Amino acid sequence: MAITTRPITEDEVLVFRERVNAAFGGDVAEEDRGSERFLATLPLARTVAAFDADQMVGTLGTYEFEVTVPGGAQIAMFGTTVVTTQPTHRRQGVLRAMMRDHLDDAAGMQAPLVGLWASESTIYGRFGFGRATSRDSIEAPKHTVTVSGTDAGAVRAIQADQVTGLFAPIYNEVWQSRPGMLSRTPEWWTHKVLHDPPHHREGASAKRFVVYEADGVAEGYAIYVQKSDWTEFDANGQIRVTEVITTTGRAHTGLWSFLTNVDLFPRIRYWNLPIDDPLWWKLAEPRRVERKRADALWIRIIDVPAALGVRGYESDGTIRIGVDDPFRPATSGVYELSVSDGLGSCVRADGSADLNLGIDGLGALYLGGGNALSLAAAGLIDGAPGHVALLHRLFRTDVAPWCEEVF
């Protein structure tokens, strides 16, 4: 069997989408079979399909983002998405062929980073991706959660056609300050954030949109749905939060107070809370809330000097890092990182390294949420304790990285 890969053509869009949906256990809805929405965020040139003769057996797509990195800079990142291999062609090199094209494309477009959310956590380490951010999922079953604190504003419900104008400025202010957050184009707001077809709701309501305003200024917003539940006339509905973005502490308090006090909906669930979110310190009874932590955004570094040179650092120092990259051997080598006054420069170096790690380990550290000491204890960094401690101080950030949505 000879597998070939290439971008799809416009007349192959529906087949591509059908292959993606089938791999995840679904079908393309009859009312959603057009290609306009798909192409608005995923141009044909940013697709890869694998073919066995004329049969499409694998899919992969690329969103073009800017991602915020420590220090507040935004850099180009390819967002890996819709990765599938048909069950009949597993373990036959399909994903490897598509991923090689994908990473080569990122290098050719001078994107220093590639990022993804992993549907299966065992797949992507072998291609150089490291777990760079984490998320908390929270659920309060059968109880009304009380959020303490005061605020001077008000929460107002708005319609979908008002969302982009009100929410985008708030989002843009926050994404430029939190490592791991992604840029959003007008097309992304329209075709991703606001997209809400009935067949996607799984019995819940349409999306609800609320904005928090104080002194005439919008300072935060929330997106959520309601899932009704009645047991012998006892209201047990659930608020399912999609996103909460705030620019002030009072907006955070005001929105969470609102979300946890909707009549007839005593339960609340949010799948993607930042791990350093202050909500925990505002809960009157935090034990009522079930909290689970999981991986979120994975990072694959394509250009080590560019990626390390653009981010900021909260400690100074110089260290020589040996990087092993089996999937893209040209990236392997020794790199000297020098940081002064929080600004870094990174170049290839000759000679020996102070410590060694895989490209996936470097990706795990890159956004500031990794822990070099833990990676070393797990055998994923090889170096003297002093050098490992320096690496930890250089890469760790006070603000935990967070990615706001699956893509």
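Scroll up to find the structure this text is about.
Residues numbered from 1 in each chain as written. Predicted model: local features only at pLDDT ≥ 70, side-chain atom pairs only at ≥ 80, totals over all residues. Heavy atoms only, no water.

Asks: For this particular structure, what's the right way to read the overall build of the protein?
Replies: Tallying secondary structure elements over the protein gives ten helices and 21 strands in all. The C-alpha atoms of the protein give 23 Å as radius of gyration, which agrees with the globular expectation for 407 residues (22 Å, within 12%). Excluding contacts between residues fewer than 6 apart, the proportion of contacts in the protein whose partners are at least 24 apart in sequence is 72%. Accessible surface, the protein: about 18,500 Å² in total, of which carbon and sulfur atoms supply 49%. On the protein, the mean spot of the 39 positive side-chain charges and the mean spot of the 52 negative ones are 5 Å from each other. (Helix = DSSP H or I, 4+ residues; strand = E, 2+ residues; numbered from the N terminus. Rg over C-alpha atoms; globule rule 2.2 N^0.38 Å. Contact = heavy atoms within 4.5 Å. Areas by Shrake-Rupley, 256 points an atom, 1.4 Å probe, with all protein chains shown as cover. Lys, Arg positive; Asp, Glu negative; His and termini not counted. Charge placed at Lys NZ, Arg CZ, Asp CG, Glu CD.)

Asks: How should I be thinking about the sheet that holds strand 2 (residues 47-52) in this particular structure?
Replies: In sheet architecture, strand pairing relies on hydrogen bonds along the backbone and comes in two forms, parallel and antiparallel. As summarised here, the arrangement of the seven strands in space is 1-2-3-4-5-16-6, forming an open sheet in which the pairing is mixed. Each edge of the sheet is formed by a strand with only one pairing partner; in this case those strands are strand 1 (3-6) and strand 6 (130-131). When strand 2 meets strand 3 (residues 55-68), the two strands line up antiparallel, connected through six bridges. The partner of Thr47 across the bridge, within strand 3, is Gly61. (Pairing = 2+ DSSP bridges.)

Asks: Just checking my understanding: could you explain the nonpolar core for this structure?
Replies: Nonpolar side chains in soluble globular proteins generally cluster together in the buried interior. Counting residues in each nonpolar core, the largest one holds 94 residues, and the members touching the most others are Trp256, Ile301, Leu308, Ile321, Leu337, Phe395 and Phe407. Residue contributions to this core peak at seven residues, all from helix 4 (residues 163-175). Residues in contact with Phe395, not counting those within four places in the same chain, are Leu308, Arg311, Tyr313, Ile321, Leu337, Leu362, Leu365, Tyr366 and Gly368. Val83, Met99, Ala111 and Phe129 belong to the second-largest nonpolar core, a separate cluster that totals 22 residues. (Core = buried A, V, L, I, M, F, W, Y, C linked by side-chain atoms within 4.5 Å. Buried < 20%, exposed > 50% of the residue type's maximum accessible area, 1.4 Å probe, protein only.)

Asks: I'm lost on empty space enclosed by the protein in this one. Help?
Replies: Over the atoms rolls a probe the size of a water molecule, and its path tells where empty space is left. Counted according to the given criterion, the structure contains two cavities of 30 Å³ or more. Considering only enclosed or pocket space, the largest cavity measures out at about 70 Å³ in volume. Ile138, Glu139, Ala140, Val145, Val147, Trp256, Thr260, Ile268, Leu279, Leu283 and Val289 together form the lining of the largest cavity. Residues that form the lining of the largest cavity fall into these classes: nine nonpolar, one polar and one charged. (1 Å grid on protein atoms, 1.4 Å probe; cavity = no way out; pocket = protein on both sides within 12 Å on 5 of 7 lines; lining within 4 Å. Points joined across faces, edges and corners; volume = space filled by probe spheres on them. Nonpolar A, V, L, I, M, F, W, Y, C, P; charged D, E, K, R; others polar.)

Asks: Help me understand helix 4 in this model?
Replies: The α-helix advances 3.6 residues per turn, and as a result positions three or four apart in sequence lie on the same side. An ideal rise of 1.5 Å per residue puts 18 Å on 13 residues; helix 4 measures up with 17 Å between its terminal C-alpha atoms. Among the residues of helix 4, those classed as buried are Val163, Phe167, Ala168, Ile170, Tyr171, Val174 and Trp175. (Expected span 1.5 Å × (residues − 1).)

Asks: Got a minute to help me understand the sheet that holds strand 17 (residues 317-324) in this structure?
Replies: Strands sit in the order 19-18-17-20-21 across an open sheet of five strands; the sheet is mixed. Each edge of the open sheet carries a strand with a single partner, namely strand 19 (343-349) and strand 21 (381-383). This sheet shows a mean twist of 25 degrees between the axes of neighbouring strands, independent of strand direction. Where strand 18 (residues 333-340) meets strand 19, seven bridges bridge the pair, whose relative direction is antiparallel. Its bridge partner being in strand 19, Ser338 is matched across the sheet by Ser345. Here helix 8 (residues 359-366) sits on the sheet and contacts strand 17, strand 20 (355-358) and strand 21; the angle it forms with strand 20, its principal contact strand, is near 90 degrees. Of the strands in this sheet, strand 17, strand 18, strand 20 and strand 21 are in contact with helix 10 (residues 385-395), which crosses strand 17 at around 100 degrees. (Axes fitted to C-alpha atoms, helices over the stretch in contact; angles between N-to-C directions.)

Asks: Mind showing me how you'd approach the side chain of His191 here?
Replies: Relative to the assigned elements, His191 resides in helix 5 (residues 186-193). Ignoring anything within four residues of it in the chain, the contact list for His191 reads Arg37, Ala40 and Thr41.

Asks: What should I look at first to understand a positive patch on the surface in this one?
Replies: A cluster of basic residues, Arg90, Arg91, Arg96, Arg100 and Arg126, forms a positive patch at the surface. Within the secondary structure layout, Arg96 lies in helix 3 (residues 94-108). (Patch = residues over 30% accessible without salt bridge, like charges linked within 9 Å, V, L, I, M, F, W, Y side chains within 5 Å. Salt bridge = Lys/Arg side-chain N within 4 Å of Asp/Glu carboxyl O.)

Asks: I would appreciate a short explanation of the packing of aromatic side chains in the present structure.
Replies: When we look at a pair of aromatic rings, we describe it by the centre distance and by the angle of the planes. Under the criterion given, the structure shown has 15 aromatic pairs. Residues Phe16 and Phe38 carry aromatic rings whose centres are separated by 5.9 Å and whose planes lie at 65 degrees to one another, so their mutual orientation is edge-to-face. Of this pair, Phe16 sits in helix 1 (residues 13-23) while Phe38 sits in helix 2 (residues 36-41), and the two are 22 residues apart along the sequence. For Phe16, a relative accessible area of 0% gives the class buried. Residue Phe38 is classed as buried on the basis of its relative accessible area of 14%. Here Phe127 and Phe327 contribute two aromatic rings whose centre-to-centre distance is 5.0 Å and whose plane-to-plane angle is 80 degrees, an arrangement assigned as edge-to-face. In this pair, Phe127 is assigned in the loop between strand 5 (113-117) and strand 6 and Phe327 in the loop between strand 17 and strand 18, connecting sequence segments 200 residues apart. The pair Phe127 / Phe327 is uniform in exposure class, with both members buried. Site record: aromatic cluster; members linked through ring pairs are Phe167, Tyr171, Trp189, Phe209 and Tyr221. Here the guanidinium or amino end of Arg184 rests over the ring plane of Tyr171, the centre of that ring lying 4.1 Å away. One Lys or Arg, Arg184, reaches over the ring of Trp189 and ends 4.9 Å from the middle of that ring. (Phe/Tyr/Trp six-rings, centres within 6.5 Å; stacked < 30°, edge-to-face > 60°. Lys NZ or Arg CZ within 6 Å of the ring centre and 35° of its normal.)

Asks: Please clarify how the side chain of Thr81 should be interpreted in this entry.
Replies: Structurally, Thr81 can be placed in strand 4 (residues 74-85). You can call Thr81 buried: its relative accessible area is 6%. Setting aside anything within four residues of it in sequence, one finds Thr81 in contact with Leu60, Gly61, Thr62, Tyr63 and Phe407.

Asks: When you look at the environment of Leu42 in this model, what are you seeing that I'm missing?
Replies: Tracing the chain through its elements places Leu42 in the loop between helix 2 and strand 2. Exposure remark for Leu42: the relative accessible area of 2% places this residue in the buried category. A C-alpha to C-alpha distance of 19 Å links Leu42 and Glu31, two positions eleven residues apart in sequence. Discounting residues that sit within four places of it in the chain, Leu42 has contacts with Thr47, Gly61, Thr62, Tyr63 and Val82.

Just distances and angles here, no functional claims.
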